[in-house]
Amino acid sequence: MVEHTPGRPLAAGRGSRNEATRRHNLSTLLSLVHHRQGVSRADLTRATGLNRSTIGVLVADLVAGGLVRETAPATGAVGRPSPIVVPDPDVVTIAINPDVDAIVVGIVGMGGVVHARERVPMANLPTVEQMVDVVRVHSADMLDGTPWRAVGAGVAIPGLVRVRAGEVARAPHLLWRDEPIAEPLRRALGVPVAVDNDANAGLVAESLFGAGRGRSNLVYLNGSVSGIGGSVLNDGAVLRGSDGFAGELGHTLARSDGEQCHCGRTGCLETEVNLQRLERAAGAAGIDHADVEGSLSRSESAVLGAELDHQVDTLARAMASFVSVFNPEVIVLGGFLSALHALRGDRLAAALEDLAFAPLADNLDVVRAELGDELLMVGAAEIAFGDLLADPLGTG
Ligand SMILES: [Zn+2]
């Protein structure tokens, strides 16, 4: 069971061993309360192996720190009632997702609760400066007059991100290259800022609060008008690779004689399994981006039907390779890939069964993403909560 407990290794030479242990335990407890959206004291005791009085002291510390609250137990419970520890609803992060035609800004609490979300349309491709301005103005408006306390901000970027440096290496659709992101936002917002790739953010959100809940080994594929984002959860940790760019599954090679991809190569998965190609096949009827599945299911075009079959077969071939490489418990499909799954689920399953290396695919689930419009807000928030969860009371 994945909990993404970010408890750091107990570093020598940083405070006493007791302080390090306390920090680790606080981190474990707050992560459990956050990811399970509330836990009874009894379940905290069971999940951590700590004794009841230690849990009582740690929970009291988190209450005093304004991070959790205790509520009365549900009546009618069997045995001795145990108070429920829930995230403090006033602790929030500012969630940010820049895209080609809009900046999406949200206020997200612990437990994956989206309090507010605003899509700010942009007339042109936004620059980093414009994004910072939009986020500063709109997040201030959203927080004004509320009890919410922003503890950080998280940015989900459609592109390659140097996570530690808080920089975009390359975001081809935004035309951003080697752009610092965390530092200008930190100056504008006055809170710590964390940055990651949007597919990594989506993966973490789905694995904690969506279709991959409770799974530790997960392949996530999200199809949008910008291409296919991919990310891999391996034993509960996002697969990073040597530069932090691992999981670019949309740019695995699907066919050598395919179309040219914006990455400069030919025949990437995302040029073969592609929303614009479906649109071309749909002809004049087009595809409503807000309801891809509905548009596709209403069409009776034989050309579109053949293109759907072709894309499902190509997707199945790629997924068979991912099964061999990553041995996932579950593959989560989001965006228009979720529509392909809905419309051609049997064909996809049959092709995958045919192509995948059997022992690795025997217990594989292929499921649709669940978080919809809130996905990247929850994912960006999760990036932002990282520091708080690692050291809840700032004792590190
Ligand atoms: Zn490519």
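Scope of this entry: the structure provided in the associated data block. A quick note: this is a predicted structure, and the numbers were derived from the prediction, not measured.

## Details of the sheet that holds strand 3 (residues 84–87)
Taken together, three strands build an open sheet; the order of strands is 1-3-2 and the sheet is antiparallel. Two strands lie at the open edges of the sheet, namely strand 1 (39–40) and strand 2 (68–71), each paired on one side alone. When strand 2 meets strand 3, the two strands line up antiparallel, connected through four bridges. Considered in strand 3, the bridge of Glu70 is made with Val85. Together, strand 1, strand 2 and strand 3 form the strand contacts of helix 1 (residues 17–35), whose direction differs from that of strand 3 by roughly 80 degrees. Lying on the sheet, helix 3 (residues 52–64) is in contact with strand 2 and strand 3; it crosses strand 2 at an angle near 120 degrees.

## Considering the sheet that holds strand 7 (residues 149–157)
Strand order in the open sheet made by the five strands is 6-5-4-7-11, with mixed pairing throughout. Both edges of this open sheet fall to strand 6 (113–121) and strand 11 (193–197), since each of them pairs with a single strand only. The mean angle between the axes of side-by-side strands here comes to 20 degrees, regardless of whether they run parallel or antiparallel. In the sheet, strand 4 (residues 91–98) pairs with strand 5 (residues 102–109) via seven bridges, with the strands oriented antiparallel. Bridge assignment links Pro98 to a residue of strand 5, and that residue is Ile103. Across the face of the sheet, helix 5 (residues 182–189) comes into contact with strand 4, strand 7 and strand 11 while running at roughly 145 degrees to strand 11. Across the face of the sheet, helix 6 (residues 198–209) comes into contact with strand 7 and strand 11 while running at roughly 95 degrees to strand 11.

## A look at the pattern of salt bridges
Taken as a whole and assessed by the stated rule, the structure comprises 24 salt bridges. Taking the shortest distance from any N to any O, the salt bridge between Glu272 and Arg277 comes out at 3.5 Å. A relative accessible area of 1% places Glu272 in the buried class. Residue class for Arg277 comes out buried when judged on its relative accessible area of 14%. A salt bridge links Arg347 to Asp313, with the shortest nitrogen-to-oxygen separation between them at 2.9 Å. Residue Arg347 is found in helix 12 (residues 345–355), and its partner Asp313 is found in helix 10 (residues 302–326); the two are separated by 34 residues along the sequence. Classification of Arg347 by relative accessible area gives partly exposed; the value is 35%.

Definitions and cut-offs
Residues numbered from 1 in each chain as written. Predicted model: local features only at pLDDT ≥ 70, side-chain atom pairs only at ≥ 80, totals over all residues. Heavy atoms only, no water. Pairing = 2+ DSSP bridges. Helix = DSSP H or I, 4+ residues; strand = E, 2+ residues; numbered from the N terminus. Contact = heavy atoms within 4.5 Å. Axes fitted to C-alpha atoms, helices over the stretch in contact; angles between N-to-C directions. Salt bridge = Lys/Arg side-chain N within 4 Å of Asp/Glu carboxyl O. Buried < 20%, exposed > 50% of the residue type's maximum accessible area, 1.4 Å probe, protein only.

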